[in-house]
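Coordinate analysis (summary)
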Amino acid sequence: MKAYAQQPVEIPVVVVVPPRVLLLDIAGPVEVLRKANLEQDKVCFTIAYVGPSPETGSSIGLSVAGVQPLPEGLPDHALVIMPGSAEIPLGPPRPDWERDAPQEAAIVAWLKQVIRPGIRLASICSGALIAARAGLLDGYECTTHHACTAELAEFAPAARIRENRLYVEDGERLTSAGITTGTDLMLHIVAQISGHAVALAVARYLVVYLRRGGADPQLSPWLEGRNHIHPMIHRVQDAVTADPAADWSVERLADAAAASPRNLSRLFNLHSGMSVTDYVNRMRVALAHDLLAGSRLDMETVAERSGFASSRQLRRVWSRLHEVPPSKIRGGAVTFERG
């Protein structure tokens, strides 16, 4: 019987193109998705660019053409990206506010019409202002560029605005701060959908660091020791993060890296700032945290699935890294604090 390759799950991504669009608000996030499509074959992010005009100017003076009309509806499980706009774009001509105002109003009206439960809305930078004008951020935690927080509060008086955050996720509303944080937000979304390994590969390709947003200003535990560019060490870390519970001895990882145990240990310490064993334990604790926060498994089962011999060993390793005991993580009430 002939076997057929499984088709990838399609994630429709609809990028709204407003007048005077901040080009990096589009280019950064969409480049993340382009590379994510190349890194794996289980998920395919399909991109559509829509707006009130088939062509518009951008923040850097470059015209953006080929924009499709705003559709009457959106497919289920779509992701809508709302970029920001530049007040004063580069070069002539000067902004035509009277011309642009109806186009922005058209986007606001369209968002009100098409955003429904099951559709995720991700705003980049000042794109949150358009979402707020559509009434889509009231009652949600959100953020925006630091220069726009007062205006956001005016447009969305019932929103809970969070400052000094890379991005904020509250249900189906995702908002990011300044321009480049759109890339951080999209890496976060890719990690959710396609896994940390794919997001890490994309981040390395873009030569950016994966940074954590939400309520935790610290680095995600899955990303510790990753701020380097040594390919062999990244391969070892990829293997561990893909299956933290495996029997990862230094010798086994050295075989995977085609290096001697002594050389791997030396290079790992040099580039990651920690030993191989410490890294493996940190990834196992990170997995245990996710299991505790997202399931009702008992502590012994969590320990076993995370690669620990017992819950006692899990607690002992955990206590070296964090002040909050694992029992307090249940239900997601407490997030990681790095020790």
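Below is a short write-up of the structure. All figures in this text were calculated on a predicted structure; none of them were measured in a lab.

Once that is clear, we can look at the pairing of strand β11 (residues 173-176). Side chains of β11 alternate between two faces, with R173 and T175 and L174 and S176 buried alike. Bridge count for strand β7 (residues 120-123) against β11 is 3 bridges, and the pairing is parallel. Within the sheet, the bridge partner assigned to S123 lies in β11 and is T175. Where strand β10 (residues 167-170) and β11 come together, 4 bridges link them in antiparallel fashion.

A word on the nonpolar core. L253, L264, F268 and L314 are the most contacted members of the largest nonpolar core, which totals 37 residues. Among the elements of the structure, α7 (231-242), α8 (250-257), α9 (261-272), α10 (276-294), α11 (299-305) and α12 (311-321) are those that each provide at least two residues to this core. Top contributing element to this core by residue count: α10, with 10 residues. Here F268 is in contact with I233, V236, Q237, G273, M274, S275, V276 and Y279, once residues within four sequence places are set aside.

The next point concerns the pattern of salt bridges. Here the structure, examined in full by the defined rule, presents 11 salt bridges. A salt bridge links R120 to E169; the nearest nitrogen and oxygen atoms lie 3.1 Å apart. Remark: E169 occurs in strand β10 and R120 occurs in strand β7; sequence separation between them is 49 residues. Of the charged contacts in the structure, one is a salt bridge between R160 and D170, with a shortest N-O distance of 3.3 Å. Within this pair, whereas R160 is found in strand β9 (residues 160-161), its partner D170 is found in strand β10, the two being separated by 10 residues in sequence. Residues joined in a network through salt bridges with shared partners are R20, R99, D100, E104 and R133.

So, on to the state of the cysteines. The tally for this structure, following the rule as stated, stands at 0 disulfides. The cysteine C125 is free of any disulfide, with C148 supplying the nearest cysteine sulfur at 5.8 Å. In this structure C125 comes out as buried when scored by relative accessible area, which is 4%. We note that C142 lacks a disulfide partner, and the nearest cysteine sulfur, in C148, lies 12 Å from it. With relative accessibility at 0%, the residue C142 sits in the buried group.

So, how was this worked out
- Residues numbered from 1 in each chain as written.
- Predicted model: local features only at pLDDT ≥ 70, side-chain atom pairs only at ≥ 80, totals over all residues.
- Heavy atoms only, no water.
- Buried < 20%, exposed > 50% of the residue type's maximum accessible area, 1.4 Å probe, protein only.
- Helix = DSSP H or I, 4+ residues; strand = E, 2+ residues; numbered from the N terminus.
- Pairing = 2+ DSSP bridges.
- Core = buried A, V, L, I, M, F, W, Y, C linked by side-chain atoms within 4.5 Å.
- Contact = heavy atoms within 4.5 Å.
- Salt bridge = Lys/Arg side-chain N within 4 Å of Asp/Glu carboxyl O.
- Disulfide = S-S within 2.5 Å.

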